[in-house]
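# Secondary and tertiary structure notes
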Amino acid sequence: MATEYNITNYITVIDPQALTSISPTLLSISQAKDLWYKVKPCGRLVRPVAPTRIPGRYLSHQEGLPKLPVPSLQQTCERYLATLEPIVDEEELSHTKELLAEFQKAGGVGERLQKGLERRARKTENWLSDWWLTTAYLDYRMPVVVHSSPGVVLPRLEFSDRQGQMRFAAKLIAGVLDFKTMIDNETLPVEYLGGKQLCMNQYYQVLSSCRVPGLKRDSVVNHAHRSRPPTHITVVHNFQFFVLDVYNSDGTPLTVDQLYMQLEKVWSSSLQTNKEPIGILTSNQRNSWGKAYNNLIKDKTNKDSVQAIQKSIFTVCLDAPMPCVSDELYHSRAAVQMLHGGGSRWNSGNRWFDKTLQFIIGEDGSCGLMYEHAPAEGPPIVSLIDHVVEYTKKSEMVRTPMVPLPMPQKLRFNITPEIKKDIEKAKQNMNIMVHDLDVKVIVFSHFGKNVPKTHKMSPDAFIQMGLQLAYYRMYQRCCATYESASLRMFKLGRTDTIRSCSIDSANFVKAMDDPAKQKIEKVTLLEKAVKAHRAYTDMAIHGQAIDRHLLGLKLQAIEDLTSMPEIFMDTSYAVANHYNLSTSQVPAKTDCVMCFGPVAPDGYGVCYNPMAEHINFAVSAFNSCNETNAAHMAQRLEEALLDMRMLLESTPKAKL
């Protein structure tokens, strides 16, 4: 069945921050999951005892996965040069060729580092995964807000009062717990990419986990695998945190009605709007937050409250209404609400940004989530979203037990003058980030995956060429472009980079507006660029791309305490890793859009969900850069895609 799909239909989700520190994510939605939705019973709700686990299924699957390979040194060096050609000048390219020739000499530094990597690959389950977690995430010191954690905007809900907000929140919680049952029982369907089984490890990292700040390096704690896993979630309303137990004493999850009653208790116990927004501390630069964290948890009450949040299965943020905007601007406003909460005046204090999963439900019908990126990429998040959205559409079939439920526990914090000072500083920094981030969400309604497929083109490759054309029209140059590819064919696989800017994409974008070029020639160049993108994608998912290999060689040099090879000090390497376009495809069944900040000060973050007949785009830029503008980029992207369709439809010989 998997052969009916282009391999590029299964790529990408997002890893914005990891790009900044090195580069990053994927999304794969397999037909196994499609089948799962078709065969799942919908007339009744399955309620197995909650956190039980049937051992063996997950482990037996994992043990059968191959190890991530180490590509050959010569292959990576050759492919690296090819990716540089459209983005560096001839003089720089010539200098880099000399450095690479020296690096590859027999018995030289490159060969020594390559052998070190190969030794590491033999001794470990995955030579990259620990390095990647540390270097791309835990060592990264910028705030997770905007710079790392993605937001997801879900379809607007049909309510505008607190009763509607509570009712939907109760259904959402029940839906997440339903998904959790499959994780606990290890009954999640295995996902596939190009007919190959994928590593499912990340599904076991997203619940009951949390990032913990450090003075120089963060860590991630996961309480799901403890002998007594957590049975509570945290709910935050008006900046006040509550522990809400979501399982009955017999291990069954609370029903939607029970959850609704408990949420009402939370709401009525947190009416004060003058509380200190303790959660805003988590939005600060990581070293600053690490210092404030150590000070905060000196107090036992504070430490207990923080640990309750960290241990919770996930967090639900009951947001106050955001400023009203027109229907046209709603999605853009919702995107910033999911990314950062809108600032200290609005909902930025109504978060614990270190928490892996935070579901956000506004009193005005806005709905979505944000997630902290260190434990996992997008696939488990999007699978969970699709499951929960479907779940919330069902009618509740379970009778609510007539048993009294305990009052949700309000978490207390003792705010000293020093903590108060830290909160004020975090507010200021958050508001600077809020004012600097420019986000434009558009629904491209002219066509979706249908048009590229009609012309036998991969929808993802087609959209990526649209991005290349839009950028070239704005700046008259090509730029380093990031798109992530899954390494989940391999045990504990994370991501590698699809470099969407290629010699072939450059030839196409330069020819597109050249009046001297014939239409048929332009079509041929577009077809060639699309084929090149698909070939690079295929190479990347099979562990043969260049970026993680180069990173591994660099980290091996650091580990060996040898001097840094010149290829990593070269201007070309800096240019190659300065992603003016950081992009991700996030395909979902749900009509949603993911969003994230740019990874370069003068760059764009572009995320898209291609549906059958439309495409959801989220484009971000920084206001502090005079050269970038999210709305202009979104408009140019729309024009580029329409011009590409017109080119194909007005040229009968268009064949791929």
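Because the structure is a prediction, the values reported are computed rather than measured.

### Let's talk about the UniProt feature "binding site: CoA" (unreviewed entry) in the chain
Summarizing the sequence annotation, UniProt attributes the feature "binding site: CoA" (unreviewed entry) to Lys-449, Lys-453, Thr-454, His-455, Lys-456, Met-457, Ser-458, Pro-459, Asp-460, Ser-486, Arg-534 and Gln-585 in the numbering used throughout. Position of Ser-486 relative to the elements: it lies in strand E13 (residues 481-486). A relative accessible area of 0% means that Ser-486 is categorised as buried. Engagement of the side chain of Ser-486 in a polar contact is seen with the backbone nitrogen of Arg-488, the distance being 2.9 Å.

### Here's the deal with the sheet that holds strand E15 (residues 581-585)
Pairing is mixed in the open sheet, where six strands are placed in the order E12-E18-E17-E15-E13-E14. Of all strands in the sheet, those with a lone pairing partner are strand E12 (437-444) and strand E14 (495-499), marking the two edges. Pairwise comparison of adjacent strand axes, ignoring direction, gives a mean angle of 25 degrees for this sheet. Taken together, the six bridges between strand E17 (residues 604-610) and strand E18 (residues 615-622) define a ladder with antiparallel strand orientation. By the bridge assignment for E18, Pro-610 is matched with Ile-615. With respect to the sheet, helix H21 (residues 630-649) is in contact with E12, E15, E17 and E18, its orientation differing from that of E12 by roughly 25 degrees.

### Observations regarding the pairing of strand E10 (residues 367-371)
For E10, the tally of buried residues reaches five of five residues, placing the bulk of the element in the interior. Neither face of E10 is left uncovered, since the one carrying Cys-367, Leu-369 and Tyr-371 and the one carrying Gly-368 and Met-370 both have all their residues buried. Bridge analysis of strand E1 (residues 151-153) against E10 gives three bridges, and the strand direction is antiparallel. For Val-152, the partnering residue across the bridge sits in E10 and is Leu-369. Of the strand pairs in this sheet, strand E9 (residues 357-362) and E10 are connected by five bridges, and their pairing is antiparallel.

### Remarks on the sheet that holds strand E6 (residues 232-237)
Each strand in a sheet pairs with another by means of backbone hydrogen bonds, the pair being arranged parallel or else antiparallel. Reading across the sheet, the eight strands line up as E11-E7-E6-E8-E9-E10-E1-E16 and stay open at both edges, with mixed pairing between neighbours. If you trace the sheet from one side to the other, it starts and ends with strand E11 (409-410) and strand E16 (593-595), each paired once. Those strands touched by helix H11 (residues 300-311) are E6 and strand E7 (240-245), and its axis lies near 115 degrees from that of E6.

### Side note on H21
Compared with an ideal rise of 1.5 Å per residue, which puts 20 residues at 28 Å, H21 spans 29 Å between its outermost C-alpha atoms and is within 8% of the ideal. Buried residues of H21: Ala-630, Met-633, Ala-634, Leu-637, Ala-640, Leu-641, Met-644, Leu-647 and Leu-648, and no others. Take H21 and look down its axis: the buried residues cluster within an arc of 155 degrees, on one side only. Projecting away from the buried face of H21 at angles above 90 degrees are the exposed residues Met-646 and Glu-649.

### Brief notes about the UniProt feature "binding site: (R)-carnitine" (unreviewed entry) in the chain
Under the present numbering, the feature "binding site: (R)-carnitine" (unreviewed entry) in UniProt falls on Tyr-482, Ser-484 and Thr-495. Here Tyr-482 lies in strand E13. Mapped onto the fold, Thr-495 is located in strand E14.

### Thoughts on helix H5 (residues 90-103)
Side chains three or four residues apart in an α-helix point the same way, a direct result of the helix having 3.6 residues per turn. A rise of 1.5 Å per residue sets the reference length of H5, with its 14 residues, at 20 Å; its end C-alpha atoms lie 20 Å apart and thus fit the reference within 8%. Where H5 is concerned, the buried positions are Leu-93, Thr-96, Leu-99, Leu-100 and Phe-103. Take H5 and look down its axis: the buried residues cluster within an arc of 120 degrees, on one side only. Residues of H5 that are exposed and point more than 90 degrees away from the buried face comprise Glu-90, Glu-91 and Glu-98.

Reading the values: rules and limits
For every chain, the first residue of the written sequence is number 1, and numbering continues from 1 along that sequence. The predicted origin of the model limits local features to residues at a pLDDT of at least 70 and limits the giving and counting of side-chain atom pairs to 80 or more, whereas totals for whole chains, interfaces and linings rest on all residues. Heavy atoms throughout the structure, all of them, feed into the side-chain values; hydrogens and water do not. UniProt positions are given in the numbering used here, feature names are shortened, and annotations may be inferred rather than shown by experiment. Secondary structure elements are taken from DSSP: a helix is a run of H or I of four residues or more, a strand is a run of E of two residues or more, and numbering for both begins at the N terminus. Relative accessibility under 20% of the residue-type maximum defines a buried residue, over 50% an exposed one, and the middle range a partly exposed one, all with a 1.4 Å probe and only protein chains included. N or O atoms closer than or at 3.5 Å make up a polar contact, with two conditions inside protein: a donor-capable atom paired with an acceptor-capable one, and, for residues adjacent in sequence, both atoms drawn from side chains. Two strands are counted as paired when DSSP detects at least two bridges linking them. Fitting a line to C-alpha atoms yields each axis, with helices limited to the stretch in contact; the angle taken between N-to-C directions then spans 0 to 180 degrees. Residue contacts are defined here by distance: any two heavy atoms, one from each residue, within 4.5 Å place the two residues in contact. What a helix is expected to span follows from its residue count: subtract one and scale by 1.5 Å. The arc in question is traced by the directions running from the helix axis to the C-beta atoms.

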